[in-house]
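Each chain, letter by letter, is given below.
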Amino acid sequence: MSMRRAISSLFLLWAGCASAQLSFSNLLEYQLGNLPSVSPRDLSTAYNQLNLSYRFRYLKAFAKFESFTHPEAVQDYYQFTQRGVRLGNDKVAFTAGNFYEILGRGLLLRSYEIPGTVREDIGYRVRHGFYRDLDGVLLKYQSHTLELKALRGRPLYNSFPPTVASEARRPSLVEGLEASVRVAQDWSIGGAYLRNEREHRLAKYSTVFINANLPFEVQLYSEFAQQLRPEQDLFDFSHGSSHAFYASANYIAGPFGFSLEAKDYNDFVLLFNDPPPLIKEHTYVVLNRSTHVLEPDNESGWQAEAFLRFNAGHVLTLNASQAENDFFGRRTIFKELFAEFEYVLDEETSVKLFADRSHDPFKLEEKREAFGAYLDKEWAQHWGTILDVEYQTFARAALTHEQVRNYAVAFTLARAPRFSVGVLWERSTDPLLADNPASDRIETKARHWLGGTLGYKYNDRHFLNAFYGKRRGGPTCTAGICYEVLDFEGLEVRWTSNF
Amino acid sequence: MTMIISLLVSFAFFISPAPSKVANFRLNDLESKSKTYAELKGKKVTVIDFWATWCKPCVRSIPKLVKLHEQYKDRGVQFIGVNVDGTRNLPKVKPMAHSLGIKYPVLLDVNNQVMTDLKVTQIPTIFIVNERDEIVAFHQGYRPGEEEILEKEIQKLLPQETERKQ
């Protein structure tokens, strides 16, 4: 059946069912500009993502249509990148088509979507939605005491854009089963089995996990996943085994909250899993960019975080983390200490101060230190302002004897609920960024990025966001997922609609 | 072509639509107990707040929501926090919710399942839902002062004080 006929049938169904609900959401992102030092120049491109869903009683049909227009037509695409039906209620549900699912805490399998995020890779220069789904079937049962999942599908390898053949984007087939049972009021245990077939090679995996709510507001979770192969024993933590171990505990007492996590991952890059990285996900610009990206091929470590809330509303947050990698006998240790104090001056004014110290030999960044302040002030008539000032310095001894310095200053003026305008300035003396690879010379002058943003809410259904200027790229983490954002200079307009 | 498609679709949206409905969903709460929307929703109004520990505007808005919850909890208004942190920050959610003073239920949408179903593209997103599960207002992002607008929207769905006394 052609796609056109399928859509017509969907609309007819909608028209015929008075209690049915058809909804859309649309995201249009238009860019006019350049990636610095990269040709072709002055590109005018547009990306659009339309999400459709139709719900009638226990049935839901859905589709995602993505398109991208580029001056070089070979990079254009117009595709239904997701479609499917879901039949069921809050207890039992069957899905055929594209779906998102997780086994345990994602050591074996986790699919996700980062809504509103558009991804572009410098190699392809094609923008597409940021999601990693499975295409297949899912059967799920959930109750207060039991949860069962059975799935079969092809996970998306989302580094490839939709212009790449679907066989390359979904190279493997996974089949999995998971069961978790509440064995007592505050205890549950579970396990999962998963097999992955890729290019006629079969790999089998299992995981077991336990979750407990203990007295004195203590919560525990622990999971061990491993590849099932004859030469590997059960619960084998040795350097040669393919395994992933994760454990967490948290505790609250009055105004105090604490969490502690540990990890030991080895040879566990499955391309469809997402083990917790145990690295602080920062909201500050210079710290978010400096994040340590997890290497499930070989990484162990821990993370601890504490919160303390004072009566007046002030909050103190402390975080410490460590990650050890060992590749080909070279051992590197990432360490980070972070402290933030939010001081509430009055009902309308608060200030956050932070300090961070880290050591990241993996990125050749040593003695990295950062400080900053975030001032938030509410004014009369729903006006508000935010001032964010950040500074970071580190040694990159392999390239320069001078300390590298990064600065970020942002100011936002907003009037609820409709309007906001902001400006962001960044400066860096990092030799990796100062040099223009397109020129013969080696530039050493500091680089600047200055950009302005505008946000406007037309009504509950339409939102407009615009950016003009230069935007600094680099690693970024959103919703726990880290990826690379490209530098950009020019105009970007984004219009989101819901209906 | 992409522009034309999106403009057509977007202009079509200006037609005033019927309100969207929240379909019942099931998620685990902070105690890892399975809860449904139907079990938790308010008698008159339900306010659903999508938030995450790493989201600055979310963390700024929560103390305001906590105050509104205290103010309206005895008038048939229920607040539900839906945390969308995923697995990376899961152990921090309960301590942080506690440090932010959240007294209303918080559900964990680890898989972004409910977020995707309700087409949430930015956080925080706050839905105001009436007793028939219809979404009557929603707010994307948080700007200082937005809580006053939220309060007015909640009040519109509640019987007036005089009606209540009668």
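Note that this is a predicted model, so its numbers are computed, not measured.

A few points about the overall build of chain A
- Within chain A one finds four helices and 30 strands.
- Rg of the C-alpha trace for chain A: 25 Å, near the compact-globule value of 23 Å for 499 residues, within the 12% margin.
- Principal-axis analysis of the C-alpha atoms gives chain A an extent of 55 × 55 × 55 Å.
- Long-range pairs, those at least 24 residues apart, make up 48% of the contacts in chain A between residues at least 6 apart in sequence.

Description of the overall build of chain B
- Looking only at helices and strands, chain B features seven helices and seven strands.
- In chain B, the succession of α and β elements from N to C terminus is α-β-β-α-β-α-β-α-β-α-β-β-α-α.
- Relative to all contacts within chain B whose residues are 6 or more apart in sequence, the contacts with residues 24 or more apart total 73%.

Comments concerning helix H3 (residues 56-72) of chain B
- Spanning 17 residues, H3(B) covers 25 Å between terminal C-alpha atoms, matching the ideal 24 Å at 1.5 Å per step.
- Along its length, H3(B) reaches its greatest deviation from straightness, about 30°, at Ile62(B), and the proline Pro63(B) lies no more than four positions downstream.
- Of the positions making up H3(B), those classed as buried are Pro57(B), Cys58(B), Val59(B), Arg60(B), Ser61(B), Ile62(B), Leu65(B) and Tyr72(B).
- Buried positions along H3(B) lie against strand E22 (365-378) of chain A together with strand E3 (45-51), strand E4 (77-83) and helix H6 (146-156) of chain B.

Digging into the interface of chain B and chain A
- Listed by partner, the interface residues are 56 residues for chain B and 73 residues for chain A.
- Looking at the side of chain B that touches chain A, the elements with two or more residues in it are helix H1 (2-12), strand E2 (34-36), H3, helix H4 (90-99), helix H5 (113-117), strand E7 (135-140) and H6 of chain B.
- Looking at which element gives the most residues to the side of chain B that touches chain A, the answer is H4(B), with seven residues.
- For the side of chain B that touches chain A, a count of residues per class yields 22 nonpolar, 22 polar and 12 charged.

Concerning the environment of Leu22(A)
- With respect to the secondary-structure elements, Leu22(A) resides in strand E1 (residues 21-34).
- With 38 residues separating them along the chain, Leu22(A) and Lys60(A) place their C-alpha atoms 9.6 Å apart.

So, the sheet that holds E2(B)
Residue and element names in this part refer to chain B.
- Spatially, the seven strands line up as an open sheet ordered E2-E1-E5-E4-E3-E6-E7, and their pairing is mixed. Edge positions in the open sheet fall to E2 and E7, since each of these has one partner strand only. Strand-to-strand, the axes of this sheet are offset by a mean angle of 30°, without reference to chain direction.

Considerations on the pairing of E3(B)
Residue and element names in this part refer to chain B.
- Burial analysis of E3 places seven of its seven residues in the buried class, which makes it a mostly covered element.
- Side-chain alternation along E3 places Val45, Val47, Asp49 and Trp51 on one buried face and Thr46, Ile48 and Phe50 on a second face that is also buried.
- Bridge count for E3 against E4 is seven bridges, and the pairing is parallel. Note that in E4 the partner of phenylalanine 50 across the bridge is valine 82.
- This β-α-β element, E3 to H3 to E4, shows right-handed connectivity.
- Where E3 meets strand E6 (residues 125-129), five bridges bridge the pair, whose relative direction is antiparallel. By the bridge assignment for E6, valine 47 is matched with isoleucine 128.

Overview of unusual backbone geometry
- In this model, Ala416(A) is joined to Pro417(A) through a cis peptide bond whose omega is -5°.
- Tracing the backbone through its elements, the reader meets Pro417(A) in the loop between strand E24 (403-415) and strand E25 (419-428).
- In this model, Ile123(B) is joined to Pro124(B) through a cis peptide bond whose omega is 0°.
- Summarising the element assignment, Pro124(B) is placed in the loop between H5 and E6.
- One non-glycine residue, Glu199(A), adopts positive backbone phi at about 50°.
- On the basis of neighbour count, Glu199(A) is assigned to the exposed category, with 6 C-beta atoms found within 10 Å.
- Positive phi is not limited to glycine here, since Lys119(B) has a value of about 55°.

With respect to the confidence of the model for chain B
- Per-residue confidence for chain B gives a mean pLDDT of 86, with 85% of residues at or over 70.
- Here the prediction assigns the complex a pTM of 0.89, and the interface score ipTM is 0.86.

Calculation notes
- Residues numbered from 1 in each chain as written.
- Chains lettered and ligands numbered in written order.
- Predicted model: local features only at pLDDT ≥ 70, side-chain atom pairs only at ≥ 80, totals over all residues.
- Helix = DSSP H or I, 4+ residues; strand = E, 2+ residues; numbered from the N terminus.
- Rg over C-alpha atoms; globule rule 2.2 N^0.38 Å.
- Contact = placed C-beta atoms within 7 Å.
- Expected span 1.5 Å × (residues − 1).
- Bend = angle between axes of the 7 residues up to and from the residue.
- Buried ≥ 20, exposed ≤ 12 C-beta atoms within 10 Å, placed from the backbone.
- Nonpolar A, V, L, I, M, F, W, Y, C, P; charged D, E, K, R; others polar.
- Pairing = 2+ DSSP bridges.
- Axes fitted to C-alpha atoms, helices over the stretch in contact; angles between N-to-C directions.
- Right-handed = clockwise from strand over helix to strand, strands pointing away.
- pLDDT = per-residue confidence, 0-100.

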